Number of protein chains: 4
Amino acid sequence: MINRVVLVGRLTKEVELRYTQSGKAAGSFTIAVNRQFTNQQGEREADFINAVIWGKGAENLANFTHKGSLVGVEGRVQTRNYENQQGTRVYVTEVVVDNFSLLEPKSANDGRQSQPVNHSGQNNFNTPNNQPMNDPFTGGRDIDITDEQLPF
Amino acid sequence: MINRVVLVGRLTKEVELRYTQSGKAAGSFTIAVNRQFTNQQGEREADFINAVIWGKGAENLANFTHKGSLVGVEGRVQTRNYENQQGTRVYVTEVVVDNFSLLEPKSANDGRQSQPVNHSGQNNFNTPNNQPMNDPFTGGRDIDITDEQLPF
Amino acid sequence: MINRVVLVGRLTKEVELRYTQSGKAAGSFTIAVNRQFTNQQGEREADFINAVIWGKGAENLANFTHKGSLVGVEGRVQTRNYENQQGTRVYVTEVVVDNFSLLEPKSANDGRQSQPVNHSGQNNFNTPNNQPMNDPFTGGRDIDITDEQLPF
Amino acid sequence: MINRVVLVGRLTKEVELRYTQSGKAAGSFTIAVNRQFTNQQGEREADFINAVIWGKGAENLANFTHKGSLVGVEGRVQTRNYENQQGTRVYVTEVVVDNFSLLEPKSANDGRQSQPVNHSGQNNFNTPNNQPMNDPFTGGRDIDITDEQLPF
DNA sequence: TTTT
DNA sequence: TTTT
């Protein structure tokens, strides 16, 4: 059973951060992905895809993006349903993100990075759990290779 | 802007085929994808993901699958919304499939194929054996819905 | 930076299991993925894609598949190069698998499962490291929060 | 049978455009995708993934990118092999791109677009503004290679 | 150097 | 109930 989604688009607004009782971070957001084709009126429409991200990744995403940020995300499609206050069942489809990448150029971020940077959505971060975030970029050098070093 | 989904799972029921006024086939179905982890009760849950497929691919998918068929699909996540009879806006997220693959072993299908077979969801693909397709629906079926009536 | 691959195909032969000095399992295999189109001679060709899988997942894959097994895999494309015995540089492109799914029907496996089953390729298995495999299906509880605690 | 790849990374150099005898464009390029993790020396490495794109998409990609451009691509993993001059068989793995997206901000391109733009790798897409494309290569370039000479 |  |  395979369930994999990859999206590149822009955040429709800031990531909403929340914490579970056990202290786990959860971020929810919507990513607008422009369609590759235009509609009958010649307009380019977008899909507005809801997504959630858990743990450290939620905090990272919230800290390094804002409304309009261009991001790439990977995850799985999740469906769930619940009964609302009116007693009717509501069906939800959303993407559970487990990895994301900031695709904004340097100037659009805080200037501390020189290119897109990846963040795992779920683990392998060595900051303490649920602490205010340290800068994941500190010390994180990037490629500095020349053409001559390229194997082709 | 990238929007790509890959799913492998089982059809929850037969594909529902419909035709637009212009004669274009549209198939709608739900694919159940078991999650890789179990819930608090130790049960394995599934995501039930709604999907649509257009054109010849819709007919092929309908013709070569049944409830429970194991299929792989590729497509994009689409969101749309409409106003229902009660005047409230309904938001829909579904996968628009543009390629699929039958993953059932030979015996589980009708015997006309010996391995997983691919079908494009959008172009003019033939039957698995590259025979001109014997389409039982063309002409012989009511074409009584409009594009506007289609729920996608 | 996003790098994601999803493949469904058949193993060209059994997974080759090896262990690093530190005892970490590594499995290498080739997956044959039939193309969706035929060549000029009307033949259906395949891509033979090399892959590696690390850790417990390598052992699981090796244990539950054989030559010809239909599998789905997810991973990333990795390139690397090395100097061979003749002193020429060899360039390698392969898929590093971090998740896989057995797509064979029950009878083709050992009978303990009734449907495709997922295995993580790299982590989150709660058996001791590098021990002969326990049954990956036993137990394995997961997150323990309720829907009410969820922020959506 | 499913074979799908999504990559976001930077072009290691300009796209190399060639034309078959029949006039079909073929572009070859390498995309550098930074890994999400660092190696033992704490350096962030990259995968250098070879890719090809056919038809109008090849021309579009060549026209709207340069060395270092950030792009997203979708495609399939292809393997092929040929005998080199020394009579030894060479095995090649590359991505055949059928869709791409420019992820550079406006200023990084030539100013004719205001956001990431999608181009199909296979169909007849126009320029980003839906203007008939001003293709400087059509007719004006040597068409002096055969399909057989193309390395893919 | 390949799967069904 | 939306991004550029």
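Residues numbered from 1 in each chain as written. Chains lettered and ligands numbered in written order. Predicted model: local features only at pLDDT ≥ 70, side-chain atom pairs only at ≥ 80, totals over all residues. Heavy atoms only, no water.

As annotated in an unreviewed UniProt entry, chain A is Single-stranded DNA-binding protein from Periweissella ghanensis. Regarding chain A, the UniProt comment filed under Subunit (unreviewed entry) reads as follows: "Homotetramer." (UniProt positions renumbered as here; feature names shortened; annotations may be inferred.)

Tracing the sequence through the fold places Asp 47 of chain B in strand S4 (residues 44–54). Engagement of the side chain of Asp 47 of chain B in a polar contact is seen with the backbone nitrogen of Thr 79 of chain A, the distance being 2.8 Å. Polar side-chain contacts of Asp 47 of chain B include one of 2.7 Å to the side chain of Arg 35 of chain B. Aside from chain neighbours lying at most four places away, what touches Asp 47 of chain B is Asn 3, Arg 76, Val 77, Gln 78 and Thr 79 of chain A together with Ile 31, Ala 32, Val 33 and Arg 35 of chain B. (Helix = DSSP H or I, 4+ residues; strand = E, 2+ residues; numbered from the N terminus. Polar contact = N/O pair within 3.5 Å; in protein donor to acceptor, adjacent residues only side chain to side chain. Contact = heavy atoms within 4.5 Å.)

Glancing now at the relation of the copies chain D and chain C. Mapping chain D onto chain C calls for a screw motion: a turn of 180° about the axis and a shift of 0.0 Å along it, with 0.1 Å RMSD after fitting. In short, the pair behaves as if placed about a two-fold rotation axis. Residue Val 5 of chain D, judged by its C-alpha, is the member of chain D lying nearest the rotation axis, at 2.2 Å. The residues that chain D uses at the interface reappear at the interface of chain C in 100% of cases, marking a shared surface. (Least-squares fit on C-alpha atoms with pLDDT ≥ 70 in both.)

Between chain D and chain C, the contact holds 25 residues from the first and 25 residues from the second. With both sides pooled, the region where chain D packs onto chain C buries about 2100 Å², and carbon together with sulfur makes up 54% of that total. Of all residues in chain D, Met 1, Ile 2 and Thr 79 of chain D bury the most surface against chain C, accounting for 29% of the area lost on that side. Our count for the contact surface shared by chain D and chain C stands at two salt bridges. We note a salt bridge from Arg 76 of chain C to Asp 47 of chain D, for which the minimum N-O separation is 2.9 Å. Linking chain D to chain C there are twelve residue pairs in polar contact (both at pLDDT 80 or more). Of all the secondary structure elements, the ones that give two or more residues to the side of chain D that touches chain C are strand S1 (2–11), strand S3 (25–38), strand S4 (44–54) and strand S5 (70–83) of chain D. Per-element accounting of the side of chain D that touches chain C gives the leading share, nine residues, to S1 of chain D. Among the residues making up the side of chain D that touches chain C, the classes are represented as 14 nonpolar, six polar and five charged. (Buried area = accessible area lost by both parts, 1.4 Å probe. Salt bridge = Lys/Arg side-chain N within 4 Å of Asp/Glu carboxyl O. Nonpolar A, V, L, I, M, F, W, Y, C, P; charged D, E, K, R; others polar.)

A word on the relation of the copies chain A and chain B. Structural alignment of chain A on chain B gives an RMSD of 0.1 Å, achieved by rotating through 180° and translating 0.0 Å along the axis. Both copies share a contact surface, since 100% of the interface residues of chain A are interface residues in chain B too.

Contact residues are listed per partner, giving 25 residues for chain A and 25 residues for chain B. Buried area between chain A and chain B, both sides added, is near 2100 Å², and the carbon and sulfur share of it is 54%. Per-residue buried area on chain A facing chain B is highest for Met 1, Ile 2 and Thr 79 of chain A; these three make up 29% of the total on that side. The interface formed by chain A and chain B holds two salt bridges in total. Across the chain A-chain B interface, the total number found is twelve residue pairs in polar contact (both at pLDDT 80 or more). Listed by contribution, the elements that provide at least two residues to the side of chain A that touches chain B are strand S1 (2–11), strand S3 (25–38), strand S4 (44–54) and strand S5 (70–83) of chain A. A total of nine residues in the side of chain A that touches chain B trace back to one element, the largest contributor, which is S1 of chain A. Of the residues in the side of chain A that touches chain B, the class split is 14 nonpolar, six polar and five charged. The pairing of S1 of chain A with strand S1 (residues 2–11) of chain B spans seven bridges and is classified as antiparallel. Its bridge partner being in S1 of chain B, Asn 3 of chain A is matched across the sheet by Leu 7 of chain B. (Pairing = 2+ DSSP bridges.)

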